[in-house]
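Results of the structural survey
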Amino acid sequence: MSASDFAIRAYRVKKNYGKSTDGPGLNGLTMEVPRGTIHGLLGPNGAGKTTAVKIFSTLLRLDEGEASVAGYDVTAEGHRVRERIGLVGQYAAVDEQLTGWQNLEMFGRLYRLPLKQARLRAEQLLGQFGLTEAGSQQVAKYSGGMRRRLDLAASLIVSPEVLFVDEPTTGLDPLARQEVWQAIQSLKEAGTTVLLTTQYLEEADQLADRISILKDGRIIQEGTPDSLKSSFGGDRLDITLLTQEDASSAAAILRELGDGGFSVDEANNRISVPVSDRTGSLLRAASAFAASGLEPLDMVLRRPTLDEVFIHYTTRSDYRDTKEATQA
Amino acid sequence: MTTQAKGLTATPPRASRFRFALVDVWVLTKRELLHWIGNPWGIIIGLLFPVLMVLMFGFLFGGAMSVPGGGSYFDFLMPGMFAMTMFFGVESTVLAITTDASKGVTDRFRSLPIHASSVVLGRCMVDMLNSVLALAVLMVTGLLLGWRWNGAWEHALLAVGLLLLLRFALLWVGIFIGLSARNAQAVSALQILVWPIGFLSNVFVDTSTMPAWLGAIASFNPLSSTATATRELFMNPGAQGDTWISQSAMLLAVAWPIVLLAIFFPLAVRRYRRLNR
Ligand SMILES: Nc1ncnc2c1ncn2[C@@H]1O[C@H](COP(=O)(O)OP(=O)(O)OP(=O)(O)O)[C@@H](O)[C@H]1O
Ligand SMILES: [Mg+2]
């Protein structure tokens with residue numbers, strides 16, 4: 001791919017907020033996002049996701065390194081970048097004292113649409129995001145989901161080349177989340193490149209073509225959701241037991257059988273082991289349990305989830321026993 | 001690779017860029033006017049508050065006040081209240097700026113392809129308009145209650161001009177503080193501070209009645225100079241003083257705002273640009 005095929009590029013970007021108590025915002029971020037794709041940026045709290053989004057959208061100046069969006073340098077050609085991007089910040093940034101309709105008309109005008117067109121577009125977008133009825137109400141009266149959708153609509157007024165969405169579905173109910181996902185998906189189909197930060201692995205799994213895992217201001221792992229899962233190891237065997245004692249004796253048996261690195265979910269008496277040969281391992285475990293008189297409630301073979309991949313990579317430098325607690 | 005339809009986002013030529021800048025300022029001004037319509041009580045209370053203070057100080061405390069050099073206390077009070085109203089305007093500027101910043105609205109504006117100054121200019125237009133309204137309401141109230149100006153029309157206009165000049169300068173102080181504060185606690189601290197600063201002037205009492213050191217501080221308050229100059233222009237009592245600072249009130253009523261502007265205008269602009277520190 002040539003340079004112009006990338007909608008977003010960052011090369012060794014550093015950003016320090018200048019407070020010695022905090023870690024650096026970004027510490028050598030390097031990434032490339034091909035045009036027309038959805039890229040997921042994952043990371044624990046404070047990893048630097050918002051900092052990255054702010055630098056790409058020219059709200060924040062980088063200290064070192066280079067970054068370009070839509071082919072323009074974010075530092076030298078900020079204005080050109082701003083003409084081509086949409087930003088949906090971590091907190092819905094719409095004017096609460098205006099109505100939804102007034103918000104969209106205003107942003108349309110600021111995106112240089114003539115009055116008539118701005119009004120037409122406001123009407124369209126309200127319809128598209130199911131806000132037609134709420135359009136004449138003050139945003140202060142909106143629910144969190146409605147606000148989020150209005151926020152998203154406001155950033156789509158002139159179908160941006162690159163859209164940045166910072167945790168778009170945090171605090172939304174499942175239905176509203178689905179709607180936001182659909183909106184993002186249809187944007188991609190229209191050719192927009194999307195950089196999506198999220199805390200929800202499921203969201204990245206569903207939407208993103210590629211995923212970068214960010215930690216302490218730099219990318220520690222990158223790939224498609226599938227490749228990340230397989231890089232983490234093969235399939236997993238989940239065994240749920242009735243009591244805690246059963247769980248610990250089962251764990252002892254599995255320690256012999258599995259490929260190491262298994263995790264125990266103590267609250268649910270569930271053990272999860274990576275296995276290399278699927279049915280073989282299942283059969284061996286089953287017969288070992290039968291021999292020792294253990295009755296598992298449930299035995300399931302499955303692929304690793306992105307949650308496990310995420311936890312694995314983001315906690316790797318911490319001290320961890322082989323007995324990791326998996327979180328729901 | 002996908003190509004993007006971007007007919008709507010092409011860079012306009014220089015001439016139309018200026019026109020766009022005007023449109024931006026208008027759109028952002030209209031936004032604030034829509035706030036007034038959406039929440040009329042906010043603006044009505046804001047306009048009535050100085051009236052309430054006039055009633056309180058003019059009639060409740062006014063009987064106990066005497067004006068050095070003679071004259072009615074009410075005539076002394078009104079020009080002071082005009083200046084005070086300009087000063088209290090800072091609070092609404094700061095509040096509006098911090099609200100936008102904390103809600104992320106400022107960041108959204110900054111991610112748009114509009115000129116950075118449009119946002120601040122929109123704020124400026126609305127706050128000045130608000131101050132003109134507040135001044136008009138207060139003047140009519142004063143006239144109804146017996147305040148008179150005795151000078152010429154052009155002097156009265158000049159007085160209004162000086163008041164608005166002070167407001168304009170304080171506007172940039174407010175923008176700077178608002179951009180620096182960026183949270184609600186700082187704003188409420190400021191709201192408390194506004195009172196002693198406002199009272200530490202010759203708005204309500206002549207500085208010659210204060211302890212000497214306090215009087216000296218109060219007479220250096222920019223509010224005092226504007227109030228004294230306004231009294232002089234309206235030919236209301238309290239304008240004649242024996243210190244250099246009160247005799248040069250006219251000059252200082254122009255110089256103070258210019259000094260404030262010279263300091264806070266660049267600071268505010270820089271602050272806005274440096275939000276991306
Ligand atoms: N305005 C700021 N001033 C000082 N430090 C900051 C500022 N903003 C962020 N930081 C620091 O920079 C680091 C990265 O923050 P950032 O907000 O980018 O993280 P994030 O990945 O978006 O986290 P979250 O998931 O909580 O939104 C953190 O250590 C944070 O404390
Ligand atoms: Mg964040």
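Counting restarts for each chain, with residues numbered from 1 along the sequence as it is written. Written order determines the labels here, with chains lettered from A and ligands numbered from 1. A pLDDT threshold of at least 70 governs which residues receive local features in this predicted model, and a stricter bar of 80 or more applies before side-chain atom pairs are shown or counted, although totals over entire chains, interfaces and linings include all residues. In computing side-chain values, all of the structure's heavy atoms are included and hydrogens and water are not.

1. Re the domain arrangement of chain A
To be explicit about the condition: Either an automatic procedure or a domain database provided the assignment from which the domain bounds are taken.
In terms of domain boundaries, chain A breaks down into domain 1 (3-84 + 160-229) and domain 2 (235-302). When each unit is reduced to the centre of its C-alpha atoms, the spacing between domain 1 of chain A and domain 2 of chain A is 38 Å.

2. Section: the coordination of the magnesium ion (ligand 2)
Ideal geometry at a metal centre gives angles of 109.5 degrees when four donors are arranged tetrahedrally and 90 or 180 degrees when six donors are arranged octahedrally. Residue and element names in this part refer to chain A. Test applied: Donor atoms (N, O, S) are those found within 2.8 Å of the metal centre, with the cutoff raised to 3.2 Å for Na, K and Ca; water is not part of the atom list, so apparent gaps in a site can occur. Strands here mean DSSP runs of E at least two residues long; helices mean DSSP runs of H or I at least four residues long; both are numbered from the N terminus. With a 1.4 Å probe rolled over the protein chains alone, any residue whose accessible area is under 20% of its type maximum counts as buried; one over 50% counts as exposed, and the rest are partly exposed.
Here the magnesium ion (ligand 2) is held by T50 (OG1) and Q90 (OE1), and the distances to it run 1.8 to 2.2 Å. Highlighted residues: T50 in helix α1 (residues 49-56) and Q90 in the loop between β6 (85-88) and α3 (100-110), separated in sequence by 40 residues. Under the relative-accessibility criterion, T50 is labelled partly exposed at 26%. Among the residues examined, Q90 registers a relative accessible area of 26% and is labelled partly exposed.

3. Considering the site of ligand 1
Heads up, the rule is: Here, proximity means that at least one heavy atom of the residue falls within 4 Å of the molecule or strand. Any pair of N or O atoms that falls within 3.5 Å is considered a polar contact. Within protein, one atom must be able to donate a hydrogen and the other to accept it, and sequence-neighbouring residues count only if both atoms are side-chain atoms. The Shrake-Rupley method, run with a 1.4 Å probe, gives the accessible areas here. Residue values count only the displayed protein chains as cover.
Residues in close proximity to ligand 1 total 16 residues, the closest being G46, K49, T50, T51 and Q199 of chain A. Taken together, the residues near ligand 1 originate from chains A and B. One of the side-chain N or O atoms of Q90 of chain A is found 3.0 Å from an oxygen atom in ligand 1. At 3.3 Å from an oxygen atom of ligand 1 is found a side-chain nitrogen or oxygen belonging to E167 of chain A. When ligand 1 sits alone it has 630 Å² of accessible area, and the protein chains cover 73% of it.

4. Examining the confidence of the model for chain B
All names here are of chain B. Counted only if it meets this: pLDDT is defined as a per-residue confidence score from the predictor, taking values between 0 and 100. Every residue pair with non-hydrogen atoms within 4.5 Å of one another is taken to be in contact.
Confidence in the prediction for chain B averages 86 pLDDT; 93% of positions are at 70 or higher. Taken element by element, chain B is modelled with least confidence in helix α10 (residues 244-247), mean pLDDT 75, and with most confidence in helix α6 (residues 153-181), mean pLDDT 93. Here residues 1-10 scores under 50 on pLDDT; set against residues more than four positions off or in separate chains, the count is 18 contacts. Taken over the whole predicted complex, pTM reads 0.80, whereas the ipTM for its chain interfaces reads 0.83.

5. Regarding unusual backbone geometry
Residues and elements named next belong to chain A. For S159, which is not glycine, the phi torsion reads 25° and is therefore positive. Mapped onto the elements, S159 comes out in the loop between α5 (144-155) and β7 (162-166). Its identity as a non-glycine residue notwithstanding, E167 has a phi of 45°, on the positive side. Mapped onto the fold, E167 is located in the loop between β7 and α6 (174-189). Residue classification places E167 among the buried residues on the basis of a relative accessible area of 6%.

6. Topic: a positive patch on the surface
What counts, and what does not: Candidates for patches are residues over 30% relative accessible area with no salt bridge; among them, like charges are joined within 9 Å and nonpolar side chains (Val, Leu, Ile, Met, Phe, Trp, Tyr) within 5 Å. Whenever a carboxyl oxygen of Asp or Glu lies within 4 Å of a side-chain nitrogen of Lys or Arg, that contact is scored as a salt bridge. Only four residue types enter the tally: Lys and Arg on the positive side, Asp and Glu on the negative side; His and the chain ends are excluded. We put the charge of a Lys on NZ, of an Arg on CZ, of an Asp on CG and of a Glu on CD.
On the surface, R61 of chain A together with R270, R271 and R274 of chain B cluster together into a patch of positive charge. Positionally, R61 of chain A belongs in the loop between α1 and β4 (64-69). Residue R61 of chain A is classed as partly exposed on the basis of its relative accessible area of 41%.

7. A look at the environment of L283 of chain A
All names here are of chain A. You can see L283 is positioned in helix α10 (residues 278-292). Residue L283 is classed as exposed on the basis of its relative accessible area of 59%. For the pair L283 and A251, spaced 32 residues apart in sequence, the C-alpha to C-alpha distance is 16 Å.

8. A short note on the sheet that holds strand β1 (residues 6-15) of chain A
Residues and elements named next belong to chain A. Spelled out, the test is: Following DSSP output, two strands are said to pair if at least two bridges run between them.
Ordered by their spatial adjacency, four strands build an open sheet running β2-β1-β4-β5, and the pairing between neighbours is antiparallel. The sheet is open, and its two borders are formed by β2 (26-34) and β5 (72-73), each paired with just one other strand. Sheet topology note: the β1/β2 ladder contains seven bridges and is antiparallel. Residue pairing in the sheet places F6 in a bridge with P34 of β2.

9. Description of the interface of chain B and chain A
So the rule is basically this: Summed over both partners, the accessible surface that disappears when two parts come together, traced with a 1.4 Å probe, is what is meant by buried area.
Taken residue by residue, the interface counts 35 residues in chain B and 48 residues in chain A. The junction of chain B with chain A conceals about 3,800 Å² of combined surface from both sides, 53% of it contributed by carbon and sulfur atoms. Taken together, the links from chain B to chain A amount to six salt bridges. Of the charged contacts, one joins K103 of chain B and E96 of chain A as a salt bridge, the two residues approaching to 3.7 Å between their closest N and O atoms. For the side of chain B that touches chain A, the secondary-structure elements that each account for two or more residues are α1 (14-38) and α4 (105-110) of chain B.

10. Section: the confidence of the model for chain A
Mean pLDDT over chain A stands at 85; residues scoring 70 or higher make up 92%. Counted against residues more than four places away or in other chains, residues 318-328 of chain A, with its pLDDT under 50, gives 17 contacts.

11. Concerning the UniProt feature "transmembrane region" (unreviewed entry) in chain B
Residues and elements named next belong to chain B. The line we're drawing: UniProt positions are given in the numbering used here, feature names are shortened, and annotations may be inferred rather than shown by experiment.
Per the UniProt record, the feature "transmembrane region" (unreviewed entry) sits at residues 41-64, 76-99, 120-145, 157-179, 186-205 and 244-269. Secondary structure within residues 186-205 divides into 70% helix and 0% strand; the distance between the first and last C-alpha atoms comes to 30 Å. Secondary structure content for residues 244-269 is 96% helix and 0% strand, while the C-alpha to C-alpha distance between its ends is 34 Å.

12. A closer look at the pattern of salt bridges
Counted by the stated rule, this structure contains 25 salt bridges over all chains. Taking the shortest distance from any N to any O, the salt bridge between E32 of chain B and R123 of chain B comes out at 2.9 Å. With a gap of 91 residues between them, E32 of chain B in helix α1 and R123 of chain B in helix α5 (residues 116-144) connect regions that are remote in the sequence. Under the relative-accessibility criterion, R123 of chain B is labelled buried at 8%. Here the salt bridges do not stand alone but share partners, grouping D95 of chain A together with R31, E32, D100, R123, D127 and R167 of chain B into one network.

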